Amino acid sequence: MQQTKNSFLSNFRYIKIVTIGSVNPNQLLSEQSQNEQVALLNQCLNEYPKGVIIGKDTTIGKYRIGEHELYMEKTSYHIGFERKPAWEK
């Protein structure tokens, strides 16, 4: 039986947005913070109930500091769950 996109999305009752990275040059993320963001994404995709990536937004910031250009990237993953995970606060 083929499932349409609309019926696929209607299975999700809870959506969590997990952000990886930052585009704010005034608040640079430490390596520990980045690792925590990735760990949360992995938890959403691997622990029970397993989530599914249903969308992704990418934001890129370009900043000029003196003669240097700084590029920063933030990716937000939309994770769909059939029900809210017990570990989610």
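Definitions and limits used
- Residues numbered from 1 in each chain as written.
- Predicted model: local features only at pLDDT ≥ 70, side-chain atom pairs only at ≥ 80, totals over all residues.
- Heavy atoms only, no water.
- Helix = DSSP H or I, 4+ residues; strand = E, 2+ residues; numbered from the N terminus.
- Rg over C-alpha atoms; globule rule 2.2 N^0.38 Å.
- Buried < 20%, exposed > 50% of the residue type's maximum accessible area, 1.4 Å probe, protein only.
- Contact = heavy atoms within 4.5 Å.
- Areas by Shrake-Rupley, 256 points an atom, 1.4 Å probe, with all protein chains shown as cover.
- Pairing = 2+ DSSP bridges.
- Patch = residues over 30% accessible without salt bridge, like charges linked within 9 Å, V, L, I, M, F, W, Y side chains within 5 Å.
- Salt bridge = Lys/Arg side-chain N within 4 Å of Asp/Glu carboxyl O.
- Expected span 1.5 Å × (residues − 1).
- Arc of directions from axis to C-beta.
- Phe/Tyr/Trp six-rings, centres within 6.5 Å; stacked < 30°, edge-to-face > 60°.

On to the overall build of the protein. Helix and strand counts for the protein stand at two helices and three strands. Along the protein, helices and strands appear, N-terminal first, in the series α-β-α-β-β. Whereas a compact globule of 89 residues would reach a radius of gyration of roughly 12 Å, the protein reaches 17 Å, over 25% beyond that. Expressed along its principal axes, the backbone C-alpha trace of the protein runs to roughly 60 × 30 × 15 Å. Buried residues in the protein amount to 26% of all 89 residues. Restricting the contact set of the protein to residue pairs at least 6 apart, pairs at least 24 apart contribute 66%. Accessible surface, the protein: about 6,800 Å² in total, of which carbon and sulfur atoms supply 49%.

With that out of the way, let us pick up the pairing of strand β3 (residues 68-81). In the sheet, strand β1 (residues 14-21) pairs with β3 via eight bridges, with the strands oriented antiparallel. Opposite Ile20, over in β3, you have Thr75 as the bridge partner. Note that strand β2 (residues 52-65) and β3 share 13 bridges and pair antiparallel. In the sheet register, Gly61 faces β3, and the bridge partner there is Met72. Remark: two residues form the turn of the hairpin made by β2 and β3, two consecutive strands paired antiparallel; Gly66 in that turn has positive phi of roughly 65°.

Turning next to a nonpolar patch on the surface. On the surface, a nonpolar cluster with roughly 210 Å² of combined accessible area is contributed by Phe8, Leu9 and Val52. By secondary structure assignment, the location of Phe8 is in helix α1 (residues 5-9).

Here helix α2 (residues 31-46) is 16 residues long and its end C-alpha atoms lie 22 Å apart, about the 22 Å a rise of 1.5 Å per residue gives. What α2 keeps buried is the set Gln37, Leu41 and Cys44. Axial view of α2: buried residues confined to an arc of 60°, hence all on one face. In α2, the exposed positions angled more than 90 degrees off the buried face are occupied by Glu31, Gln32 and Asn46.

The next thing to look at is the packing of aromatic side chains. Following the criterion strictly, the structure yields two aromatic pairs and no others. Ring centres of Tyr14 and Phe81 lie 6.2 Å apart, and the angle between their planes is 45°; on these two criteria the pair is classed as tilted. In this pair, Tyr14 sits in strand β1 while Phe81 sits in strand β3, placing the two residues 67 residues apart along the sequence. Comparing Tyr14 with Phe81, the two get one shared label, buried. Ring plane angle 80° and centroid distance 6.2 Å describe the contact between Phe81 and Trp87, whose orientation is recorded as edge-to-face. Take Trp87: its relative accessible area is 22%, and that puts it in the partly exposed class. Ring pairs connect the aromatic residues Tyr14, Phe81 and Trp87, which therefore count as one cluster.

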